[in-house]
Amino acid sequence: AAASAFNEVVENLQIVEQKVRHLAEPQPAAPLLDPPPPGELGRTLTTSFDVLDESIRDRASLHDELAHRATHNQLTGIANRAGILAALERAVARVGRSDAALLVAFLDLDGFKAVNDTWGHRRGDEVLCQVAARLATHARAGDVAGRLGGDEFVLVAEHIPNQEIALELGRRIA
């Protein structure tokens, strides 16, 4: 009986070692404990590893969500000031290594205060969301549309081959 219990403990420790490696370097398709360890200790380990695995996945998901919130405007869903500044820094660094130009378009909504004053902040928010959606729709793939704050928006567009393309993009946005 002692030898059997000792063998079960050894088997469980080997499985624990395997699963700790799995948690350290997760493989999404791999089951966490396959086959399940034997005995009562095995059932307890299975439960513990399931909880730990879920906690790690929740933490990764929360990290992704917080990173998104840090760089995107909560109301409109497009980049916020921090996201725009980061995109602009990356774009300026890349533009120095190519012949293409960088377009930075600033948009300010004339008369926006009157919208809030006349129809309320809810309607004003709807206008901001509509402008953000239109800006994102007219931006090209890879361009970054953002809201700096208030009624100010910006578009960062890389790989602009010539002035005509820049003007066409500007007209589309306007």
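Heads up: the structure comes first, above all this text.
In this text, all values refer to a predicted model and were calculated from it rather than measured experimentally. (Residues numbered from 1 in each chain as written. Predicted model: local features only at pLDDT ≥ 70, side-chain atom pairs only at ≥ 80, totals over all residues. Heavy atoms only, no water.)

A. Structural context of the overall build of the protein chain. Across its full length, the protein chain carries six helices and three strands. Along the protein chain, from the amino end to the carboxyl end, the secondary structure elements read α-α-α-β-α-α-β-β-α. A compact globule built from 174 residues should have a C-alpha radius of gyration of about 16 Å, whereas the protein chain, at 27 Å, is more than 25% larger. Viewed in the frame of its principal axes, the protein chain has a C-alpha envelope of about 85 × 45 × 20 Å. (Helix = DSSP H or I, 4+ residues; strand = E, 2+ residues; numbered from the N terminus. Rg over C-alpha atoms; globule rule 2.2 N^0.38 Å.)

B. How the structure looks around the environment of Val9. Checked against the element boundaries, Val9 lands in helix 1 (residues 2–24). Each C-alpha atom, one on Val9 and one on Pro37, is 9.7 Å from the other, the two residues being 28 residues apart in sequence.

C. Quick look at unusual backbone geometry. Although it is not a glycine, His159 adopts a positive phi angle of roughly 60°. For His159, the location among the structural elements is in strand 3 (residues 152–160). The class of His159 is exposed, set by a relative accessible area of 55%. (Buried < 20%, exposed > 50% of the residue type's maximum accessible area, 1.4 Å probe, protein only.)

D. Structural context of helix 5 (residues 121–138). The terminal C-alpha atoms of helix 5 lie 26 Å apart, and with 18 residues this matches the ideal 26 Å at 1.5 Å per residue to within 8%. The complete set of buried residues in helix 5 reads Gly124, Leu128, Val131, Ala132 and Leu135. Projection of helix 5 onto a plane perpendicular to its axis shows the buried side chains occupying an angular sector of 100°, all on one side. Those residues of helix 5 that are exposed and angled more than 90 degrees off the buried face are Arg122, Arg134 and Thr137. Buried positions along helix 5 lie against strand 1 (101–108), helix 4 (112–119), strand 2 (144–149), strand 3 and helix 6 (163–173). (Expected span 1.5 Å × (residues − 1). Arc of directions from axis to C-beta. Contact = heavy atoms within 4.5 Å.)

E. Broad picture of helix 4. Taken as a whole, helix 4 has its buried residues at Phe112, Val115 and Asn116. One face of helix 4 carries all of its buried residues, which in axial projection span an arc of 95°. Away from its buried face by more than 90 degrees, helix 4 exposes Lys113, Asp117 and Thr118. Structurally, helix 4 contributes buried residues whose contacts are with helix 5. Looking one or two residues beyond helix 4, the residue adopting positive phi is Gly120, at roughly 95°.

F. Representation of the sheet that holds strand 2 in the model. Taken together, three strands build an open sheet; the order of strands is 1-3-2 and the sheet is antiparallel. If you trace the sheet from one side to the other, it starts and ends with strand 1 and strand 2, each paired once. Taking each pair of neighbouring strands and ignoring which way they run, the sheet shows an average axis angle of 20°. Pairing between strand 2 and strand 3: five bridges, direction antiparallel. (Pairing = 2+ DSSP bridges. Axes fitted to C-alpha atoms, helices over the stretch in contact; angles between N-to-C directions.)

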